[in-house]
Amino acid sequence: MILRRCISSLSGSKTGAFQLPPTIRQLLASPTTPDAPAITVSGWIKSIRRQKNVAFAVLTDGSSSQGLQAVFVGNGEGVKALTNGSAVRLTGRLVPSPGAGQDKEFLVDLGKGKAQANAGEVHVLGSCDPELYPIQKQALSTEYLRDHSHLRARTDAIAAMIRLRDSLQKNISTFFDDQGFVYTHTPILTGNDAEGAGESFRIAEMSSTHPSVGHPPHAATPAPAHEKEFFSRPAHLTVSHQLHLEALATSLSRVYTLSPCFRAERSLTGRHLAEFWMLEAEWALTTGGVNATCDFVEACLRSVVRGAPATDVDALWKGKDADGEERRRALDDAVSLQREPWVRMTYTEAVRALEDHVHQNPAAFEYAPAWGRTLQSEHEKWLAEKLVGGPVFITDYPAALKPFYMRHNDDGKTVACFDLIVPHVGELVGGSVREERAEVLEEQMRADFGPDLGSGAYQWYLDLRKYGGAPHMGFGMGFERLVGWVGGIDNVRESIPFPRWAGRMLL
Ligand SMILES: NC(=O)C[C@H](N)C(=O)O
């Protein structure tokens, strides 16, 4: 044991001496020589092209958007069994590639007898009938792939999106770590509706005595209504982790989470999912008002997006038209170190700009903009894409449009909040300074939840102010929207591995 610990500390690897065999991504990044020794590599065949004495295949294990080119020489029988989608293990040598398009290839010499040095080998781990395989090589429509969501991660774009999610998540974690935040685990089951929009899913216990329990879940019956609530009170899937994070921020000061959220929203737009992931952060004991919150969000996004891996981002933007290329350039420009700070305007200024625009173009919008009304997507789109031409923070909305927890400004009309609107995505982040003054908050909450504060369900939130309440701020960022912005993905259903929306939950 002691010896093993010593070895692992000497090996320099964070995970100790243990190491799984290299992935294709790791292999492609490793040096190679013409006399490289034989190794084995495993993956799925993405494509195969056979000639008389040679065959070429692209092998992938999903670790990289770039596959490994395998070259089979000698007339091996094994090559016949290689079809698109089959899982294989190959023995060969990683050598410099004479061909254009890749600098390394995996040479499998099937002309040599097994006993000879550097003899190549093909071992089919799992066959795949190319006639029946749903993931054919020609372009497949997004709808078709949504119908085959259990297989769609085998396409380049979905695999790249899933890897991009992973990298963004790691970049987020690095950024927050550098800023002294603690990653925390907040509950999925909750009794509150943080956003007050009444769009939460209610959960119910399945009757444990019913004979169908133990069979597929759809066969089980809900517990009769008269049975007691499992938690002694109604439970919901959380719509936001904010309130719980605020409770933790009064102790740990800087906290964040990247967690699933659920909204029972029936709108079938490309911007909403019933189950989505949200990055949410709350930090206490800091001042600076809404501008300080925007500074933090801007720094976070710039750093997280700049660090996104070019190969996956390229794979996602590949094949876009001139408009797409322009969008990609605008994205790079928005996060570049040279770029000026993102534009900030108040809600009042935004409405004025929209009204001026309508004055000159009466048919510009379906909904007329006016102070006190919600900004519609078409308004946000115009502000970010036309007026500003980049990300824009809109701050200080009318209090009546925003939830109870936002800090009231001295003007008595607006709250210290912001929405960050980015071109082609719309609202990417929403945040605010939280109301820390107990009396102001209580008044707001009584107006929203009634004099009994929702039968006392929110008393704890007021307590946070009563016992050492401190100035604090926070925000929430839709993770799928971030993925869509970085990857040029227009519909959030393609920004998550298994999308769920009203009427649809495959698998
Ligand atoms: N944490 C969050 O979800 C942010 C919140 N919706 C806000 O706009 O302040």
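Our structure's up above, just so we're on the same page.
All values derive from a computational prediction rather than experimental measurement. (Residues numbered from 1 in each chain as written. Predicted model: local features only at pLDDT ≥ 70, side-chain atom pairs only at ≥ 80, totals over all residues. Heavy atoms only, no water.)

Draft legend 1. A look at the overall build of the protein chain. Looking only at helices and strands, the protein chain has 13 helices and 17 strands in total. In terms of overall dimensions, the protein chain has a C-alpha envelope of 85 × 65 × 50 Å along the principal axes. For the protein chain, the residues scored as buried account for 46% of the 507 residues in total. The long-range fraction of contacts in the protein chain, counting pairs at least 24 apart against all pairs at least 6 apart in sequence, stands at 69%. (Helix = DSSP H or I, 4+ residues; strand = E, 2+ residues; numbered from the N terminus. Buried < 20%, exposed > 50% of the residue type's maximum accessible area, 1.4 Å probe, protein only. Contact = heavy atoms within 4.5 Å.)

Draft legend 2. Up close: the environment of Gly120. If you trace the backbone, Gly120 turns up in the loop between strand 5 (104-109) and strand 6 (121-126). C-alpha separation for the pair Gly120 and Gly92, spaced 28 residues apart in sequence, amounts to 5.0 Å. Once residues lying within four places of it in the same chain are set aside, the contact partners of Gly120 are Thr91, Val108, Asp109 and Leu110.

Draft legend 3. Inspection of the sheet that holds strand 9 (residues 202-203) at higher detail. Spatially, three strands are ordered 8-10-9 in an open sheet, and the strand pairing comes out antiparallel. If you trace the sheet from one side to the other, it starts and ends with strand 8 (189-190) and strand 9, each paired once. The sheet contact formed by strand 8 and strand 10 (residues 235-237) spans two bridges and is antiparallel. Following the sheet pairing, Thr190 is matched in strand 10 by His236. (Pairing = 2+ DSSP bridges.)

Draft legend 4. Focus on the packing of aromatic side chains. Per the counting criterion, the structure on display carries 25 aromatic pairs. Between the aromatic rings of Trp283 and Phe475, the centroid separation amounts to 6.0 Å while the plane-to-plane angle is 75°, which identifies the pairing as edge-to-face. Of this pair, Trp283 sits in strand 12 (residues 275-284) while Phe475 sits in strand 17 (residues 472-478), and the two are 192 residues apart along the sequence. Each member of the pair, Trp283 together with Phe475, is buried. (Phe/Tyr/Trp six-rings, centres within 6.5 Å; stacked < 30°, edge-to-face > 60°.)

Draft legend 5. A look at the nonpolar core. Grouped together as the largest cluster of nonpolar side chains are 48 residues, with contacts concentrated most on Phe176, Leu301, Leu420, Phe475, Leu482 and Trp485. Counting 31 residues, the second largest nonpolar core, distinct from the first, contains Ala384, Ala399, Phe449 and Leu453. (Core = buried A, V, L, I, M, F, W, Y, C linked by side-chain atoms within 4.5 Å.)

Draft legend 6. View of the side chain of Glu105. Among the secondary structure elements, Glu105 is positioned in strand 5. Here Glu105 is buried and forms no salt bridge, its nearest opposite-charge partner Arg93 lying at an N-O distance of 9.0 Å. Once you skip the residues sitting within four places of it in the chain, Glu105 turns out to touch Gln69, Val71, Arg93, Leu94, Val95, Pro96, Ser97 and Pro98. (Lys, Arg positive; Asp, Glu negative; His and termini not counted. Salt bridge = Lys/Arg side-chain N within 4 Å of Asp/Glu carboxyl O.)

Draft legend 7. Looking closely at the sheet that holds strand 13 (residues 343-346). On the basis of which strands lie adjacent, the open sheet formed by eight strands has the order 7-11-12-17-16-15-14-13 and mixed pairing. Each end of this open sheet is capped by a strand with a single partner; those strands are strand 7 (182-183) and strand 13. Direction of pairing for strand 12 relative to strand 17: antiparallel, over a ladder of seven bridges. Bridge pairing in strand 17 links Trp283 to Met473.

Draft legend 8. Quick look at unusual backbone geometry. Residue Leu285 is not a glycine yet carries a positive backbone phi of 70°. You can see Leu285 is positioned in the loop between strand 12 and helix 6 (289-306). Overall, Leu285 belongs to the exposed group, its relative accessible area being 64%. Even without being a glycine, Asp396 presents a positive backbone phi close to 55°. Tracing the chain through its elements places Asp396 in the loop between strand 14 (392-395) and strand 15 (417-422). Accessibility expressed as a relative area gives 17% for Asp396, which makes it buried.

Draft legend 9. Broad picture of helix 4 (residues 156-178). Taking 1.5 Å per residue as the helical rise, helix 4 with its 23 residues ought to reach 33 Å, and the 33 Å between its terminal C-alpha atoms agrees with that figure. Directly after helix 4, the chain includes Gly180, whose backbone phi takes a positive value near 80°. (Expected span 1.5 Å × (residues − 1).)

Draft legend 10. Geometry of the pairing of strand 5. Burial of strand 5 is extensive: five of the six residues sit out of reach of the surface. The sheet contact formed by strand 3 (residues 68-73) and strand 5 spans four bridges and is parallel. In the sheet register, Val71 faces strand 5, and the bridge partner there is Leu107. Alignment of strand 4 (residues 87-96) against strand 5, held across four bridges, turns out to be antiparallel. Across the sheet, residue Pro96 finds its bridge partner in strand 5, namely Lys104.

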